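# A structural walkthrough
Chain residues, written in single-letter form:
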Amino acid sequence: MTAEAADPAQERLRRWRLVLGGESADGTGCALSGRDAAMDGALTALYGRKDGRSQGGRDRAAGLGASAPSVARWLGDIRAYFPSSVVQVMQRDAIDRLGLATLLLEPEMLAAVEADVHLVGTLLSLNKAMPETTKETARAVVRKVVEDLEKRLATRTRATLTGALDRSARINRPRHHDIDWNRTIAANLKHYLPEYRTIVPERLVGYGRANRSTKKEVILCIDQSGSMAASVVYASVFGAVLASMRTISTRLVVFDTAVVDLTDQLDDPVDVLFGTQLGGGTDINRALAYCQSQITRPAETVVVLISDLYEGGIRNEMLKRVSAMKGAGVQFVTLLALSDEGAPAYDREHAAALAALGAPAFACTPDLFPEVMAAAIEKRPLPIPDAA
């Protein structure tokens, strides 16, 4: 039996000591040694204040100097003491709290960090300032994250959308195994025979099997302002997955105050990501004007706008474009975020205006995205999360 298991009260004191940061003011009277002391040192280096005062008013001096050697050692320490999910949070806090973003321009630093979606977003924001000696290392870090995401998301996305494409190609003289019984019953309710308690179907509704000629057009229109970094990463991966499907023609457009079409790079989402430029303003109206100009088959097109809707362009024109596209038969989807980061900040007035046009705006996790796309392809109600 371990010491912690034998003395729960002491274990509670130990945990509080690690949370409070030590010194006489913490009130625990608990001394740390060995691994616990090293963990406390790693936490103090990040969450201590440089002026020697912690956020709770207690003395806890920051010890993480903004130099590559000390940061690299600290990164190694936290990987030894904490699980990967915690390491990623601490890395993000270090970049934000201690201004370490510029150190990521050094290859040695990139080799030491725990790669995740948020780190990729930081690297993309530094892309233009990145020296040539760092770019190859940065691309390797980004590629690792992208490949991990593709492994997690691609198979389910393809399966879900293939089923949606099959169901969207309905035929009226289906073979028995292709009959859509729910829609067949709904279409023949008027032929119900009470005396036999059954329906005599006059018309069968069935699924067609999607083939190379039954294509849908999908346009991903992605806001690349700085707050959308994680969404840009996920959208680029999904764009590559969609582009790999023969039955879907995919276009990927990114925008700030300018509009860039990255469709020709969709075979490699890493190229797409390094083709973005995170930061800057936002002109949704201009981006939608470009997307609208690319639509040739409105009834077979899904436009996905991924943006926090903080519009720097012409608001009324933006809404008119959405209304015109929907009126022409386009399925229009507005995602306030495509990430696992929780509830995003967004322009509520614009979101309400889009909802009034029949294009509700909501945040979407990567796991939900295939279901959202399947619903849009089949022209059925979108699976909007309750929290939206």
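Residues numbered from 1 in each chain as written. Predicted model: local features only at pLDDT ≥ 70, side-chain atom pairs only at ≥ 80, totals over all residues. Heavy atoms only, no water.

### Quick look at the confidence of the model for the protein chain
The condition is simple: Per-residue confidence from the predictor is reported as pLDDT, a score between 0 and 100. Strands here mean DSSP runs of E at least two residues long; helices mean DSSP runs of H or I at least four residues long; both are numbered from the N terminus. We call two residues in contact when some of their heavy atoms are within 4.5 Å.
Per-chain confidence: the protein chain averages 81 in pLDDT, with 84% of residues scoring 70 or above. Ranking the helices and strands of the protein chain by mean pLDDT puts strand β8 (residues 301-306) first, with 97, and helix α1 (residues 3-6) last, with 48. Here residues 51-62 is modelled with pLDDT under 50, and outside its nearest four sequence neighbours on either side it reaches 31 contacts, counting other chains as well.

### Overview of the environment of Q277
Stated precisely, the cut-off is as follows: Burial classes: relative accessible area under 20% of the type maximum marks a residue as buried, over 50% as exposed, and values in between as partly exposed (1.4 Å probe, protein chains only).
Note that Q277 resides in the loop between α11 (269-274) and α12 (284-293). The class for Q277 is partly exposed, based on a relative accessible area of 44%. Through-space distance from the C-alpha of Q277 to that of S225 is 8.1 Å; in sequence the pair is 52 residues apart. Those residues in contact with Q277 that lie beyond four places of it in its chain are K128, Q224 and D256.

### Examining a nonpolar patch on the surface
Operational definition: Any residue with relative accessible area above 30% and no salt bridge may belong to a patch, with like charges joined within 9 Å and the nonpolar Val, Leu, Ile, Met, Phe, Trp and Tyr side chains within 5 Å. In this description, accessible areas are obtained by the Shrake-Rupley approach with a 1.4 Å probe, and a residue is regarded as covered only by the protein chains that are shown. A pairing counts as a salt bridge when a side-chain nitrogen of Lys or Arg comes within 4 Å of a carboxyl oxygen of Asp or Glu.
On the surface, W181, I185 and L189 cluster together into a nonpolar patch covering about 310 Å² of accessible area. Within the fold, I185 resides in helix α9 (residues 181-187).

### Comments concerning the side chain of D347
Stated precisely, the cut-off is as follows: His is not counted here, nor are the chain ends, while Lys and Arg score as positive and Asp and Glu score as negative. Counting of polar contacts relies on pairs of N or O atoms within 3.5 Å, with two restrictions inside protein: one atom must be capable of donating a hydrogen and the other of accepting it, and residues adjacent in sequence are counted only when both atoms are side-chain atoms.
Mapping D347 onto the fold places it in the loop between β9 (331-338) and α14 (348-356). Notably, D347 is buried but unbridged: the nearest opposite-charge side chain belongs to R315, and the N-O separation is 6.2 Å. Within polar-contact distance, the side chain of D347 engages the backbone nitrogen of E349 at 3.1 Å. Once you skip the residues sitting within four places of it in the chain, D347 turns out to touch D308, L309 and Y310.

### Topic: the environment of S236
Relative to the elements of secondary structure, S236 occurs in helix α10 (residues 229-243). With 35 residues separating them in the primary sequence, S236 and D271 have C-alpha atoms 9.4 Å apart. For S236, the contacting residues outside a window of four places in its chain are L252, P269, V272 and L273.

### Notes on the packing of aromatic side chains
The condition that has to hold: A pair of Phe, Tyr and Trp rings is counted when the ring centres sit within 6.5 Å of each other, with Trp represented by its six-membered ring. The angle between the planes then sorts it: under 30 degrees is stacked, over 60 is edge-to-face, the rest tilted.
For the structure on display, the rule yields 1 aromatic pair. Ring centres 4.5 Å apart and planes at 40° place the aromatic pair F238 and F369 in the tilted group. Note that F238 is positioned in helix α10 and F369 in helix α15 (residues 369-378), a separation of 131 residues in sequence.

### Comments concerning the pairing of β9
Worth spelling out the cut-off: We treat two strands as partners when DSSP finds at least two bridges between them. Handedness is read with the strands pointing away from the viewer; a crossover is right-handed when the path from the first strand over the helix to the second is clockwise.
Here β9 lies mainly inside the structure; 7 of its 8 residues are buried. In this structure, β8 lies alongside β9, joined through 5 bridges in parallel fashion. When the bridges of β9 are listed, V302 appears paired with Q331. Between the parallel elements β8 and β9, the chain passes through helix α13 (residues 315-327) in a crossover that is right-handed. As paired elements, β9 and strand β10 (residues 361-364) share 4 bridges and run parallel to each other. By the bridge assignment, A337 is partnered in β10 with A363. Taking the sense of rotation as the criterion, the β-α-β connection linking β9, α14 and β10 turns out right-handed.

### A look at the sheet that holds strand β7 (residues 259-261)
Working definition: the strands of a sheet are paired by backbone hydrogen bonds and lie parallel or antiparallel to each other. Threshold: With axes taken as lines fitted to C-alpha atoms, and helix axes fitted only over the stretch in contact, angles between N-to-C directions fall between 0 and 180 degrees.
Read across the open sheet, the 6 strands follow the order β7-β6-β5-β8-β9-β10; overall the sheet is mixed. At either margin of the open sheet sits one strand with a lone partner, and together these are β7 and β10. The mean inter-strand angle of the sheet, taken between neighbouring strand axes irrespective of direction, is 25°.

### Comments concerning unusual backbone geometry
Look at R197: it is not a glycine, yet its phi comes out positive at around 50°. Turning to its location among the elements, R197 is positioned in the loop between β2 (192-193) and β3 (198-199). Classification of R197 as exposed rests on a relative accessible area of 73%.

### Details of empty space enclosed by the protein
Put simply, the test is: Definitions used for this entry: grid spacing 1 Å over protein atoms alone; cavity, a set of points where a 1.4 Å probe fits but cannot get out; pocket, an open set with protein on both sides within 12 Å along at least 5 of 7 lines; lining residue, one with an atom within 4 Å of a point. Grid points are joined across faces, edges and corners, and a volume is the space filled by probe spheres set on the points. Residue polarity follows a fixed list, in which Ala, Val, Leu, Ile, Met, Phe, Trp, Tyr, Cys and Pro are nonpolar, Asp, Glu, Lys and Arg are charged, and the others, Gly among them, are polar.
Tallied over the entire structure, the rule returns 1 cavity of 30 Å³ or more. Here the largest cavity defines a volume of roughly 90 Å³. Lining the largest cavity are 11 residues, and of these L75, Q91, I95, M109 and V113 sit closest to its centre. For the lining of the largest cavity, the secondary-structure elements that each account for two or more residues are α4 (68-81) and α5 (84-98). Classifying every residue of the lining of the largest cavity gives 10 nonpolar, 1 polar and no charged.

### A short note on the environment of T263
Structurally, T263 is set in the loop between β7 and α11. Judged by relative accessible area, which is 22%, T263 ranks as partly exposed. Residues T263 and A240, spaced 23 residues apart in sequence, show a C-alpha to C-alpha distance of 9.3 Å. In contact with T263, other than residues within four places in its own chain, are T250, R251 and L252. Within the structure, T263 has its side chain in polar contact with the side chain of D261 (distance 2.5 Å).

### Comments concerning α15
Summarising burial for α15: 9 of the 10 residues are buried, a large majority. For α15, the complete set of buried residues consists of F369, P370, V372, M373, A374, A375, A376, I377 and E378. Count one or two residues on from α15 and you reach K379, which has phi positive near 60°.

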